[in-house]
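Okay, here's what each chain looks like letter by letter:
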Amino acid sequence: MDHFDDTVAQDHRNEVKKPRTNRSAGIHVPLAETAVLVILLLLGLLAVIGARVVSDRLEPGFPISRELNPAGITRVLSADQARALMTEASLLRGADGQSFPSIEWADLLQTDPNALGIFLLRSLTTVDYLSQQKDDVQFARDVRVLLEAAGSERLLDEGTLPADPMLSDAGGETGGASDDPPRQTRVAWLRQAVLTAGFSPDGLGEAPPLTGHLETMATTGLVPESGDTLVGSRSVSTVVDIKPDPALANKESWFAGILGSSDRSMPLTIRQVLYLDGQVLAASPVITAVSPQSEFILTMDVRHQASGTYQARLLALGCDGRGVYREIGSIRIPEVFELGAGDVRKMSLEPDAKDLYVSIPADTSGTRPFYALTVVRPDAPVAAELFDIDGTLIAHSDNPDDQWEALRGFGSEVPSVAEDMPADGSGHFPIQEPASQDFAAYARLLRPDREATEGQGIRFTLVQSVEVACDNSSPDTIYAVMGRNETGLELKGTDGQVYTRPQADVRLIDLAARLSDLELIAAGRPVDLYPVFDPEVDRYGLYLPSGMDVITLDAWASEGSFSNIAIVHEQEGRPPTPRDPGDPFALQGGEQTLAITVTNKLGATRTYRLHVLLPAQDQTGYHTVLESFPESYRSALYLMHVKQPHYVFKALQTDLTFDEFVDAQTFQDRSLVDAAHAPESWVVPGSPVYDGRSWKAASHDVVAYFADPRNFLNEQDLFQFETLSFDATTQTLAAVQAMLAGTFMAPDHEKAQAGVDYAGLVMRAAEQAGISPLFIAAKIIQEMGRNGESPLAFGQLPGYEGVYNFFNIGATPDPAVQDGARINGARFALYGRSPDEREITADEEAILLPWTTPERAIIGGATWIARGYIAIGQDTLYLQKFDLVSEDGLFIHQYAQNIQMAWAEGRRTYRAYQDMGLLDRAFSFTIPVFRDMPTQWPELPS
């Protein structure tokens, strides 16, 4: 900046020497050319003034000419006068009187006769001085104070100088007939004052009167307000009002009028400057006022400004030495963290911070810059805003709770989908580095207004990409999806490296056209949908009791303002009706659907459907079927009815409270988990090993989760409640073969025994026992393992070679004996319930004991299950695990201790039906009901 000062100052000195040279040489200059020269002179003077207020310091900035002026005035200041003058100048600027200008001035004021004029001009055009908005009378008094400090006495003589610049003689023809004398420049008045005081005015040049002066300064909405936060580069627009000289007020163009007239007046030139803490942040070019109002556009670029809080001021400075000032107030420039293309960074909003800013690059592959930032796994609610380079808000997202925020937006106009959709049709732009830094945008992460998170730190991961991937083996590991190639996905992690991984290794999370949450209020209270909302689940069920017919449905898009949400109410016999999110509306009785469609600005779309059942007044309809179930079951069962209208649901009234049922199931070894493959939180602390090497007692919360039927009223988990009677129409040989595929009982498996047709054996066992062959197959896989981990599947248990027990019947745990459970299972397969007596009863012969071949073990074991469980009412997988009907007493006759048995075997059954395309058959399901069930459904420990 000092170099700039020197250059401008040297130009100024050269210009003020030209008139002296011309006069001394007697050269005549035409009037029009003279006017132009004068204008250039004052433009240079304004440049000097503008350059000096850049730092608001009183420094010389350039070596002042030590030549004698034409009048031969050589007066300089003494050391005491120079010190007194500099002290008074500091006081006039609002300093404490000890903040002297640069010490260089002390030498110049004592040695250069031209230094005083320039020192006074700079002192009286700093932002500190002009911001005091003193009028011309006060200005004149301040000049007298400074000159008196410099040792002048002549100004004290009354009448030696006009009272102020406004009333002074213009110094020549005015060019008009008005009685109001034109206001001359403060610079010209100062020159006259310096000369009157006996000092050289040569450094100030000469200036004719102006055609107008600064009056007021109006600002538009682009000007920052006190308390604003600035990032990037922002345009500031202001309008300065000019009060013209009355004699020239009616001319079309002041400038043209001046050059075409015979007067010595000149137009007003203006420069506008914006300051932060007294330092210039932005300055306009010098412009000529050609109309009563002059508009200025400044560019405030704070990208390289240190973060902090600044006092901002705006000053319009005229070439007459006057200024119009406006105090903007406190402006905050935050620290901005830079993210590159595809960067993944863990960050946090500190407890004492209200927001956090990051810059993100643009995707420039389309006709408009496109921006994407994903806020992953915030541990508290967080909102996000996106601003372009000039501070314009282009997108925002504020999802409820701790949902992810998908911030997307176009810089400038939103392009059409047809023009800007990528050629590959993926719906996403490929990530690339911005073509220019000016394409950067700024994301602001902040605390939502509706959430009380003050004083709380909020952690999250920022991903600069549209698509995000989670590692399947380490779900906390997050990647940005950079692209795709022949071998898989190109992924960028927190280490900044790009990897290629098979898509099967990760879970893609695409938030395009997704809802982040659905909320429904009926009768003034929130209502739970089934299932719990998930952005990837697009169908939900809702049963509403009578009287809850006025509802409010609210929905949030994951991409915030980048997506549009449309709701349509559909009911048979009625026209579809649009509904606005958040507005209440009335429902008619019966079955109906609310379709919620999300469409983003790239054209991606997704529709969610909420199926609603409201009892009809005539008490007919499907709601009558659900009345045998508690209300907390009905939304789930209604959704299953919508998906599979042929399914039949029956309620089993247990007359037990849920708590006493769970307490009974947590007794000792009734419910076990494999501690070697389960989280520690699933195991009762200090539990002994009850079976094998790692089966221990399941914790109370785990038992409660698997015991609550409401957790499993969905397509695949529902089959643990399927009635297990044999049905030849759905339970075919092909379905059994599909279930056995990939297991040790498949013909192509390495462990399959030669000559054994497992699928055929399972079908024969099902037909003879009258139970589902899919249940038999699932039971064997559950007990033996998919790859035949138990030696009882091959007759290879040491000491019991040739003995089979595919169902682990009689394999009760014996912690005191190595492999005690399998040994007990082998002993049962040989001798039945009383192996010590080594005698097989007639009933045991009926189940083909001893089980010394796969055929005898599979058919005999199925018969034993049919007689011992299904025949007495334990005809579902759930009831075989949880004994609720046994005639010998509840909770006694339970087939397995594995708490996950019913859940796992039910899923295998579902997959077999799915593979065979049989899921739309009329299956029957028996679902237990308990008293005093918890309002909040049990969840698994993390």
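Residues numbered from 1 in each chain as written. Predicted model: local features only at pLDDT ≥ 70, side-chain atom pairs only at ≥ 80, totals over all residues. Heavy atoms only, no water.

1. Things to note about the packing of helix H3 (residues 79–92) against helix H4 (residues 104–111)
The following threshold applies: Orientation is described by axes fitted as lines to C-alpha atoms, over the contacting stretch for helices, and by angles from 0 to 180 degrees between their N-to-C directions. Note on conventions: DSSP H or I runs of at least 4 residues are helices, E runs of at least 2 residues are strands, and numbering of each starts at the N terminus. Geometric relationships in this document are graded by angle, where less than 35 degrees denotes roughly parallel, more than 145 denotes roughly antiparallel, 65 to 115 denotes roughly perpendicular, and other angles denote oblique. Two helices that cross are described as forming a left-handed crossing if the nearer one is turned anticlockwise from the farther one by less than a right angle, and a right-handed crossing if clockwise. In what follows, a contact means two residues having at least one pair of non-hydrogen atoms within 4.5 Å. For this classification, Asp, Glu, Lys and Arg are treated as charged, while Ala, Val, Leu, Ile, Met, Phe, Trp, Tyr, Cys and Pro are nonpolar and the rest, including Gly, are polar.
Contact geometry of H3 with H4 gives a least axis separation of 9 Å together with a crossing angle of 130 degrees. On the basis of their axis angle, the class for H3 and H4 is oblique. The two elements H3 and H4 meet at a crossing, and its hand is right-handed. Each of Ala79, Ala82, Leu85 and Met86 in H3 lies in contact with H4, whose residues at this interface are Trp105, Ala106, Leu109 and Gln110. By residue class, the composition of the contact of H3 with H4 is 7 nonpolar, 1 polar and no charged.

2. So, the sheet that holds strand E21 (residues 498–501)
Threshold: Note: two strands are recorded as paired if DSSP finds a minimum of 2 bridges between them.
Ordered by their spatial adjacency, 5 strands build an open sheet running E21-E20-E19-E18-E22, and the pairing between neighbours is antiparallel. The open sheet has two edge strands with one neighbour each: E21 and strand E22 (506–510). In this sheet, adjacent strand axes meet at a mean angle of 40 degrees when their direction is disregarded. Strand direction decides the pairing type here: strand E18 (residues 467–471) and E22, joined by 5 bridges, are antiparallel. Residue pairing in the sheet places Ala469 in a bridge with Leu508 of E22.

3. Description of helix H16 (residues 758–769)
Keep this limit in mind: For a helix, the expected span equals 1.5 Å multiplied by the residue count minus one. Throughout this description, buried means an accessible area under 20% of the type-specific maximum (1.4 Å probe, protein chains only), exposed means over 50%, and partly exposed covers the range between.
End to end, H16 covers 16 Å across 12 residues, agreeing with the expected 16 Å (1.5 Å per residue, within 8%). Where burial is concerned, most of H16 is hidden: 9 out of the 12 residues are buried. Buried residues along H16 sit in contact with helix H15 (733–740), helix H17 (773–784) and helix H20 (854–868). Where H16 terminates, the next one or two residues include Gly770, which has phi positive at roughly 75 degrees.

4. Considering the pairing of strand E30 (residues 590–600)
Remember that side chains alternate between the two faces of the sheet whenever the strand is regular. Among the 11 residues in E30, 8 count as buried, and that is most of the element. Looking at chain direction, strand E27 (residues 563–571) and E30 are connected through 8 bridges and run antiparallel. Bridge assignment links Asn564 to a residue of E30, and that residue is Thr599. If you look at the hairpin formed by E30 and strand E31 (residues 605–614), you'll find 4 residues sitting between the two strands, and Gly603 has a positive phi there, around 95 degrees.

5. A few points about the sheet that holds E27
One open sheet accounts for 5 strands, arranged E25-E31-E30-E27-E28; its pairing is mixed. This sheet does not close on itself; its edge strands, each paired only once, are strand E25 (539–543) and strand E28 (574–579). Between one strand axis and the next, the sheet turns by 20 degrees as a mean value, whatever way the strands run. Its contacts with the sheet put helix H12 (residues 631–643) on E25, E30 and E31, and the angle it makes with E25 is roughly 135 degrees.

6. What about the packing of aromatic side chains?
Centre-to-centre distance and the angle between the planes together describe a pair of aromatic rings. Formally: In this scheme Phe, Tyr and Trp rings, the latter by its six-membered ring, pair at centre separations within 6.5 Å, and the angle between planes marks the pair as stacked below 30 degrees, edge-to-face above 60, and tilted otherwise.
According to the stated counting rule, one finds 36 aromatic pairs in the structure shown. When the ring of Phe410 is compared with that of Phe562, the centres are 5.8 Å apart and the planes differ by 45 degrees; the resulting orientation is tilted. One end of the pair, Phe410, is in strand E15 (residues 405–410); the other, Phe562, is in the loop between strand E26 (550–557) and E27, and 152 residues separate them in sequence. Of the two residues, Phe410 and Phe562, both sit in the buried class. Here a set of aromatic residues connected by ring pairs shows up, and it is made of Tyr647, Phe649, Phe719, Tyr910, Tyr913, Phe923 and Phe925.

7. Notes on the packing of H16 against H17
Interhelical geometry of H16 versus H17 gives an angle of 125 degrees and a closest axis separation of 8 Å. Our classification of the angle between H16 and H17 gives oblique. The two elements H16 and H17 meet at a crossing, and its hand is right-handed. The residues of H17 that touch H16, namely those facing Val762, Met763, Ala765 and Ala766, are Pro773, Ile776, Ala777 and Ile780. Of the residues in the contact of H16 with H17, the class split is 8 nonpolar, no polar and no charged.

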